[in-house]
Every structure is written in C-alpha cells, then in structure tokens.
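Examination of the molecular architecture
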Amino acid sequence: MRAITPVIASLALSLLSASVLGGPAAAETTTLRMAWYSDGNEGEVMADLLKRFHEQNQDIDVVLDQVPYKAVNENLPVQLASGQGPDIARVVDMGGLSRFALDMRPFLKDPGYWEANFGPFLEWMRPAGDTQAIPGFMTQLTVTGPFVNKTLFEQAGVAMPGEKATWEDWAKAVKEVAGKVQAPFPLALDRSGHRFYALAVSQGTKVFAANGEPDVVDDGFKRAAQLVYDWHKSGVMSKELWGSVSGTAYRGANDEFKNAQVVMYLSGSWQIAQFAKTVDNAFDWVAVPNPCGPGGCSSMPGGGALMAFKSTQHPKEVARLMDYLASEPVLAEFCARSLFVPGHLGLAKKGLDYPTASPEAAAALKIFTASAAQVSPLAYRIQGYINSRIIFNAVISRLGQAVSGETSLEDAEKRITADVAQQIAERNKK
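Cut-offs used in this document
- Residues numbered from 1 in each chain as written.
- Predicted model: local features only at pLDDT ≥ 70, side-chain atom pairs only at ≥ 80, totals over all residues.
- Heavy atoms only, no water.
- UniProt positions renumbered as here; feature names shortened; annotations may be inferred.
- 1 Å grid on protein atoms, 1.4 Å probe; cavity = no way out; pocket = protein on both sides within 12 Å on 5 of 7 lines; lining within 4 Å.
- Points joined across faces, edges and corners; volume = space filled by probe spheres on them.
- Nonpolar A, V, L, I, M, F, W, Y, C, P; charged D, E, K, R; others polar.
- Domains from an automatic or database assignment.
- Axes fitted to C-alpha atoms, helices over the stretch in contact; angles between N-to-C directions.
- Helix = DSSP H or I, 4+ residues; strand = E, 2+ residues; numbered from the N terminus.
- Parallel < 35°, antiparallel > 145°, perpendicular 65-115°, else oblique.
- Left-handed = near helix turned anticlockwise from the far one by under 90°.
- Contact = heavy atoms within 4.5 Å.
- Disulfide = S-S within 2.5 Å.
- Buried < 20%, exposed > 50% of the residue type's maximum accessible area, 1.4 Å probe, protein only.

- The protein chain carries the name ABC transporter substrate-binding protein in an unreviewed UniProt entry, which gives Bradyrhizobium manausense as its organism.
- Recorded in UniProt for the protein chain, the comment headed Subcellular location (unreviewed entry) runs: "Periplasm".
- In its Sequence similarities (unreviewed entry) section, the UniProt entry covering the protein chain states "Belongs to the bacterial solute-binding protein 1 family."

Topic: the layout of surface pockets
- The calculated volume of the largest pocket comes to roughly 1,200 Å³.
- In terms of lining, the largest pocket is formed by 48 residues, of which the most central are Tyr-69, Asn-73, Glu-74, Arg-389 and Asn-393.
- Partitioning the lining of the largest pocket into residue classes produces 16 nonpolar, 20 polar and 12 charged.
- Both domain 1 (31–141 + 302–350) and domain 2 (143–301 + 367–428) contribute no fewer than three residues apiece to the lining of the largest pocket.
- Taken together, 19 residues make up the lining of the second largest pocket; nearest its centre are Val-341, Pro-342, Ala-348, Thr-369 and Ala-372.

Some details on the packing of helix H9 (residues 219–234) against helix H19 (residues 409–429)
- Viewed as axis vectors pointing N to C, H9 and H19 meet at an angle of 135 degrees, and their least axial separation amounts to 11 Å. Comparing their axes, H19 and H9 come out oblique. Considering how the two elements wind past one another, H9 and H19 form a crossing that is right-handed. Residues Phe-221, Lys-222, Ala-225, Gln-226 and Tyr-229 of H9 pack against Leu-409, Glu-413 and Ile-416 of H19.
- In terms of residue class, the contact of H9 with H19 is built from 5 nonpolar, 1 polar and 2 charged.

Describing the state of the cysteines
- Taken as a whole and judged by the stated rule, the model has 1 disulfide.
- Disulfide pairing is shown between Cys-292 and Cys-297; the S-S distance is 1.9 Å. Here the disulfide of Cys-292 and Cys-297 is right-handed, its torsion about the S-S bond being about 100 degrees.
- Here Cys-292 falls in the buried class, since its relative accessible area comes to 7%.
- Classification of Cys-297 as partly exposed rests on a relative accessible area of 27%.

In structure tokens form, the structure reads like this:
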C-alpha cells in the first residue's frame, strides 16, 4: 500500500476539519426576517440588540427589514395571506393579523413569564376564541394624548387650560393662540381612526351593542364626529392635513409640529423620542392629559407588538429570539433607549429610568405614564377587538369625505355603518 505523504495528510486533515467545523455549521445557520417600522430611534436600538443576540447565538442570523409604517399596515396583511411574509414583524393591527399568528407557547423557555408580564396584551394578539396562544409581546405600550407648543401660548399671552379641561376648552384656547401668533394649525389630529377614538370615547361612544356586535354610530360617536366636522369648518383644524390624502390613508402632523406651526397636536406617546430630537431647543413643548368630555378623559391605548407568524419555517429559532428580546433586562434597555412606556407589567411596576431623556421628554413620559393608568376598560376593549382596524378604517375614510366636502356628515355616518357590517361579513366568510 502506498504511504500517505505529509502534504496529502495535511490536505486531508484540512478538508476533514472544514467539513466538521465549517460544513454542517454553515448548513445549519438559520436566517430569520424581521419587518420593522420606526417612529423614532427604536430601529437603531433594535439593530444593536439583534447584533448582540447573534454574537451569543451564531447559528441564527436575523435580517432586519426597516420599512415605512404604511407598508406594515397595508402590505404586510397581503404578504401573510399569500404565505410570503416575514418570520416576525412589528405591528399595530394585532387583532387583524391574529389569524396569521404563531403560537410560540410550545417553544418558549418559560411561558409563565410571558403570561405574568404580557398577559393583558396577549389577548390583543390571539385569534378569536383562543385563550392560550402566545404570539408575541408589546415593544411598548402607547397612549394617545396631546402635545402643546408652550412657547406659542406664552407669546400669545393665553393661559393653557388645566387638568380636566374639555375638548371645547382646548379648541377655544388654541384658536385664540393661533390667531395671535399667526400659526396655521391651531389643532392637529392625526388622520387615524385610532386617534379619532381618543375623542370619541371621551364623548361617550359605546361602540358595541348589548349583544357584543359593533354599533359604531351612536350618540357619543355623533358628538365626536360633529366636533371634527365643525372644527374643520371654523378653522380650528386645517383641511390641509386631512384633505391632503384620501381613503384610509394615515396623515400625521409631525413635521408641522416640529416646525412650530401647530399649537396643539393630538398624537401619542410614541412621538416623544422624535420630538426630543427634532424640536430640541427650538421651542418649549409639553405633553398634557387627554381632554375630557361627557364620557370621561380616557386616552386610547395601543402600541407596537413584535408578533411571530405561523408561516415561518423556523418556529424554534423564532421563539429563541423572542425569548431574548422579551427578557426583562433586554426589554428594559430597549424601552429606556427608545423612550417608550413599557408594555411589561413587571417593568411598569418597578418603574423605568430614562437616562438619555431630555427634561421635556422625561416630563412627557411622566404625563403619558399617568394617562396609561387611567385608560377606560372600553378603550382597551376597542383596541383589542379583532375587527378594530375595520372600524378605524371605515370611520377615517368616510369622515374624511365629509370633512373634504365630498358628502354630508349624515351620509358619511350611514356609510360607516354599512362599511363595517359589509367588511366584517366578508372577513367572516374567509
């Protein structure tokens, strides 16, 4: 038998080493895709955390696809329905996407931890009738509320309405301020069904009939719709915002607020990090408690959830990543760096420090955290309702038509009722 030369032996050893160390390891590397939208700096924070996760779990690569909010709202449901969606995504329409959700419970290290800390919010993500699934976790709890340009109030010499002030009190005050300082937007309200319901709940809407089915256009709803309609007619709200888009399209007033064109902007706690960065020292801004009405002063809750989807080919790896991101120390860091109110009961109870927050941001976080403790059960029920997105879209689309003068308010309300009934019936057929 011919002897093996040192060179051949060395080559054989190298090949063997490559096959043992390189071949299988490379073949076993799993790639996960995460779709992510950002309001502020949270995309940068998540990218940093994912890099750290990969360093500790080198058999899992995570590709972070940062996409516009609109893409998550409009394109993601279509992708998931066709089986082409990402493994994980940050979403807001939890109820609407629940039918695509992966139940991670069998793959998680400690499902009890998830139940204890995310329990109330898991209901928002579960498919109808499911009381056990663990599809994801809240990246943050958000609450709606107004931001006010305090500098404009001071320049106008007008006193800001105090706590428990009504929507009418604020509308009168911001119009007076805008008139004195020539601000083009006295009151801006996100063109969003969710934001509209912060007003509607305060006006006493009940949303649901006694049988639990939607009864959207009730007396409280009509009061809220009339306020928005009248504000556009009187100049308290500018048609430039709601009238610049149509259908179910979202339109915020971030740019207008940071450019000191808005006296009062109804949006929510997710804007804090952005305004801390974009407004900086240009003017003094404050968050104020949600204005009141006949139905109280409740904000609308919400937030972004990181949800896993059953179309994934890698449920075990998805659960391992989610266990890491949802762990208390990692989530605490994420919220602290992103300036978010945590949707984690343990962290909420302990309290969270925000070492990087500016004085304005820290004060705003305090206001929104207080508002979160006063959210009405009805507001939680609306947000968690599986067909909430259908209601939100119908409301904003038809109310937008009335504001733009395309139809009467009465006709818009009739169409909202018809749209909601028709779209829920179509969804139930699937």
